[in-house]
Amino acid sequence: MKKLKFVSLMIAALFMGFGFTSCEEDESILTTGEDEEVELNIAEGDNSAVTTIYVSDLEPGATSADVTVNFTSADSKMRRLYMTQNIAGAGYEKYELEIDGLDTKGDGSIDLSSGEGYDFTFTIPFPVLSGMTEGTVEYQLWATSGRGDYRDVENSLVSGPGKVIIHYGGTNPATGVKEYEAVLLAAPTADKISETFVSLIDGEVYPIEDGVEFAAYWDFGYYYGASNEASLASTFDYPSNIIDVKEVANTTADELNHTYFASSNLTETEFGAVANASDLDFVTESAMETITNLNVDDVIEFVDNYGNKGLIRVIEIEPGNGVGDYIKLHIKVQP
């Protein structure tokens, strides 16, 4: 059985992923040898695999906990490995492993080699966060047959998901909102290099030309219409006469995310007071996937493709549909 040994851990920060450094080539990272004791078996069709590591059981000052995970599939070949991280109950977010020489896809998932398609074992050091004293950090791991989706485990799923829980004792605090304070979306340009779409996974904005790999993560985009002026539209409802997202992403409409918008009566002060996920429970799903004629200081309520509720405040608009034109947004959304 092949084994991928992740070595040389460096924790960057409490709410960031961790990076690895290695002077070895990929051939040295992927090795063969005696199997280690498997602590988590993740099989095709089984989503019940869980292992819990209690920080109190680790050596004092430990910075990581190694977990050996075995993935198996009887029928479908596994091509990518995805991971998410949930810190203190704040919600699952995209989680990437960074190893010199490790083969990854553009979306951060691990590109599995042909020899690992039906059975492989990874030994992964999960970080012990020095700034955390209670609660849990949960990791989800799953393998897919092709391009997957960090927010939709079922997308191309083969094996998993399994969970690794790092338990610090005590309980998790109230869940806060995810907040992206200055999201700048550019007016779409014909050369498709404009950063026009945003993902609510992490607030990252994407150029149109990246659609083949990343359109599954886009939630909505910006355009400036001749009569509708500053406008936001879900990826599914984005006007095809401006940008045909299906063509750009080489996909079908079924693969594009819906986002439902409605104008809000909230003031800037009330918007600023929203801090916890429960503060957004009042938002209801509308039937509109496009909202137009936006102005600075407008507040917009929305529900995303996964049922998460949120608010958007318009900070700034540079009118027009050319290079240098944009809308700047402050976004709060449930994790």
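This structure is a prediction, so every number in the text was calculated from the model and none was measured.

Draft legend 1. Focus on the pairing of strand β12 (residues 136–144). Burial analysis of β12 places nine of its nine residues in the buried class, the great majority of the element. Strand direction decides the pairing type here: strand β8 (residues 80–87) and β12, joined by eight bridges, are antiparallel. The residue bridging L81 from the neighbouring strand is A143, located in β12. Relative to strand β13 (residues 157–167), β12 runs antiparallel, the two sharing eight bridges. When the sheet's bridge partners are listed, Y139 is paired in β13 with V164.

Draft legend 2. Fine view of the sheet that holds strand β18 (residues 229–234). Strand order in the open sheet made by the five strands is β16-β15-β17-β18-β20, with antiparallel pairing throughout. Looking along the sheet, the strands with just one partner apiece sit at the ends: β16 (205–207) and β20 (290–291). In the sheet, β18 pairs with β20 via two bridges, with the strands oriented antiparallel. Bridge pairing in β20 links A233 to T290.

Draft legend 3. Local environment of the confidence of the model for the protein chain. Across the protein chain, the average pLDDT comes to 88, with 88% of residues at or above 70. Per-residue pLDDT stays below 50 along residues 1–33; that stretch engages in 81 contacts with residues further than four places along the chain or on separate chains.

Draft legend 4. View of the packing of aromatic side chains. With the rule as written, the count across this model stands at 13 aromatic pairs. Centroid distance Y82 to W142: 5.8 Å. Interplanar angle 15°. Geometry classified as stacked. Placement of the pair is Y82 in strand β8 and W142 in strand β12, with a sequence separation of 60 residues. Measuring from centroid to centroid gives 4.8 Å for F126 and Y139, while their planes differ by 50°, and the two rings are tilted. On the criterion of sequence distance, the pair formed by F126 in strand β11 (residues 119–127) and Y139 in strand β12 is long-range, its members being 13 residues apart. Note on Y139: relative accessible area 0%, which makes it buried. A network of ring pairs unites the aromatic residues Y82, W142, Y150, Y206, F214 and Y217 as a single cluster.

Draft legend 5. Here's a closer look at the nonpolar core. In this structure, F71, F126, V137, Y139, L141, V164 and I166 are the most contacted members of the largest nonpolar core, which totals 33 residues. Among the elements of the structure, β5 (40–43), β7 (64–72), β8, β11, β12 and β13 are those that each provide at least two residues to this core. If near-sequence neighbours (up to four positions away) are discounted, V164 is found in contact with L40, T51, V67, F126, V137, E138, Y139 and L141. If you look at the next biggest cluster of nonpolar residues, it comprises 24 residues, including Y180, Y222, L232 and I300.

Draft legend 6. Inspection of the sheet that holds strand β22 (residues 309–318) at higher detail. Reading across the sheet, the five strands line up as β14-β23-β22-β21-β19 and stay open at both edges, with antiparallel pairing between neighbours. Both edges of this open sheet fall to β14 (178–186) and β19 (260–263), since each of them pairs with a single strand only. In this sheet, neighbouring strand axes are inclined to one another by 30° on average, regardless of whether the strands run parallel or antiparallel. Direction of pairing for strand β21 (residues 299–303) relative to β22: antiparallel, over a ladder of five bridges. Bridge pairing in β22 links E301 to L311.

Draft legend 7. Examining the environment of L256 more closely. For L256, the position within the fold is in the loop between α3 (245–249) and β19. Remark: the alpha-carbon pair of L256 and F220, spanning 36 residues in sequence, is separated by 9.8 Å. Not counting residues within four places of it along the chain, the set of residues in contact with L256 comprises A215, T235, F236, V245, K246, T251 and N305.

Draft legend 8. A look at the pattern of salt bridges. Summed over the entire model, instances satisfying the criterion amount to ten salt bridges. Residue R80 pairs with D107 through a salt bridge whose shortest N-O separation is 3.3 Å. Taken together, the residues span a long stretch of sequence, with R80 in strand β8 and D107 in the loop between β9 (93–94) and β10 (110–111) at a distance of 27 residues. Neither residue differs from the other here; R80 and D107 are each classed as buried.

Draft legend 9. Looking closely at the side chain of T144. When you line up the elements, T144 lands in strand β12. At 2.5 Å, the side chain of T144 and the backbone oxygen of G146 are in polar contact. The residues contacting T144, other than those within four sequence positions of it, are K77, M78, R79, R80, Y82, N155, S156, L157 and V158.

Draft legend 10. Structural detail: a negative patch on the surface. Negative charge collects at one region of the surface, where E93, E195, D202 and E204 lie side by side. Looking at where E204 falls in the secondary structure, it is placed in the loop between β15 (195–198) and β16. A relative accessible area of 37% places E204 in the partly exposed class.

Draft legend 11. View of unusual backbone geometry. With an omega of 0°, the peptide bond running from G160 to P161 counts as cis. Within the secondary structure layout, P161 lies in strand β13. Residue S156 is not a glycine yet carries a positive backbone phi of 60°. Its place among the elements puts S156 in the loop between β12 and β13. On the accessibility criterion, S156 (26% relative accessible area) is partly exposed. Residue D297 is not a glycine yet carries a positive backbone phi of 80°. For D297, the position within the fold is in the loop between β20 and β21.

The rules we used
Residues numbered from 1 in each chain as written. Predicted model: local features only at pLDDT ≥ 70, side-chain atom pairs only at ≥ 80, totals over all residues. Heavy atoms only, no water. Buried < 20%, exposed > 50% of the residue type's maximum accessible area, 1.4 Å probe, protein only. Helix = DSSP H or I, 4+ residues; strand = E, 2+ residues; numbered from the N terminus. Pairing = 2+ DSSP bridges. pLDDT = per-residue confidence, 0-100. Contact = heavy atoms within 4.5 Å. Phe/Tyr/Trp six-rings, centres within 6.5 Å; stacked < 30°, edge-to-face > 60°. Core = buried A, V, L, I, M, F, W, Y, C linked by side-chain atoms within 4.5 Å. Axes fitted to C-alpha atoms, helices over the stretch in contact; angles between N-to-C directions. Salt bridge = Lys/Arg side-chain N within 4 Å of Asp/Glu carboxyl O. Polar contact = N/O pair within 3.5 Å; in protein donor to acceptor, adjacent residues only side chain to side chain. Patch = residues over 30% accessible without salt bridge, like charges linked within 9 Å, V, L, I, M, F, W, Y side chains within 5 Å. Areas by Shrake-Rupley, 256 points an atom, 1.4 Å probe, with all protein chains shown as cover. Lys, Arg positive; Asp, Glu negative; His and termini not counted. Charge placed at Lys NZ, Arg CZ, Asp CG, Glu CD.

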